[in-house]
Amino acid sequence: MFAVLKTGGKQYKVQAGDVLRVEKLNAAAGDKVQFNEILMVGTTLGAPLVDGACVQAEVIDQIKADKVITYVKRRRKHSSQRTRGHRQQLTLLRVTDVLAEGAASTGVKTAVGARTKENA
């Protein structure tokens, strides 16, 4: 069974055993996390989310994406140039389970983005 989940402003179609690269999450390698924003499970379509559905995953590692280089050159009288590089921080996940119902009773930590403040 597959599911479509939403995290980091993006949507991913996943099934058990898939390996994903998502925006950085607050989790260490080896942790189990659960995604609760599920848009679709199998043939069940949410409006906008499917109630009680979740996707569980195991964090493999915290990685960085390939470097993206931006180059800007201004010409004519005020010629200048600038080169900048950026490496996006990502979390590598392996999807372990897709649950159509029973998300609240699993006891697995909810996946939270690295820039999101947790209410404690």
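Conventions used here
- Residues numbered from 1 in each chain as written.
- Predicted model: local features only at pLDDT ≥ 70, side-chain atom pairs only at ≥ 80, totals over all residues.
- Heavy atoms only, no water.
- Core = buried A, V, L, I, M, F, W, Y, C linked by side-chain atoms within 4.5 Å.
- Buried < 20%, exposed > 50% of the residue type's maximum accessible area, 1.4 Å probe, protein only.
- Helix = DSSP H or I, 4+ residues; strand = E, 2+ residues; numbered from the N terminus.
- Contact = heavy atoms within 4.5 Å.
- Salt bridge = Lys/Arg side-chain N within 4 Å of Asp/Glu carboxyl O.
- pLDDT = per-residue confidence, 0-100.
- Pairing = 2+ DSSP bridges.

This part takes up the nonpolar core. Grouped together as the largest cluster of nonpolar side chains are 21 residues, with contacts concentrated most on Val33, Phe35, Val55 and Leu93. Only strand S1 (2-7), strand S2 (10-15), strand S3 (19-23), strand S4 (32-35), strand S5 (38-41), strand S7 (54-64) and strand S10 (89-99) provide two or more residues apiece to this core. Ignoring anything within four residues of it in the chain, the contact list for phenylalanine 35 reads Leu5, Thr7, Leu25, Ala53, Cys54, Val55, Ala57, Leu93 and Ala111.

With that settled, the discussion passes to the pattern of salt bridges. Here the structure, examined in full by the defined rule, presents two salt bridges. The residue aspartate 31 makes a salt bridge to lysine 109 at a minimum N-O spacing of 3.9 Å. Here lysine 109 lies in strand S11 (residues 109-110) and aspartate 31 lies in the loop between S3 and S4, a separation of 78 residues in the sequence. For aspartate 31, a relative accessible area of 27% translates into the label partly exposed.

Attention shifts here to the confidence of the model for the protein chain. Predicted confidence across the protein chain gives a mean pLDDT of 91, with 97% of residues reaching 70 or more. Per-element mean pLDDT across the protein chain ranges from 88 in S11 up to 96 in S3.

Right, let's get into the pairing of S5. Note that S1 and S5 share three bridges and pair antiparallel. Across the sheet, residue alanine 3 finds its bridge partner in S5, namely valine 41. Turn length for the S5-strand S6 (residues 44-45) hairpin, with the two strands adjacent in sequence and antiparallel, is two residues, and the turn residue glycine 42 shows positive phi of about 60°.

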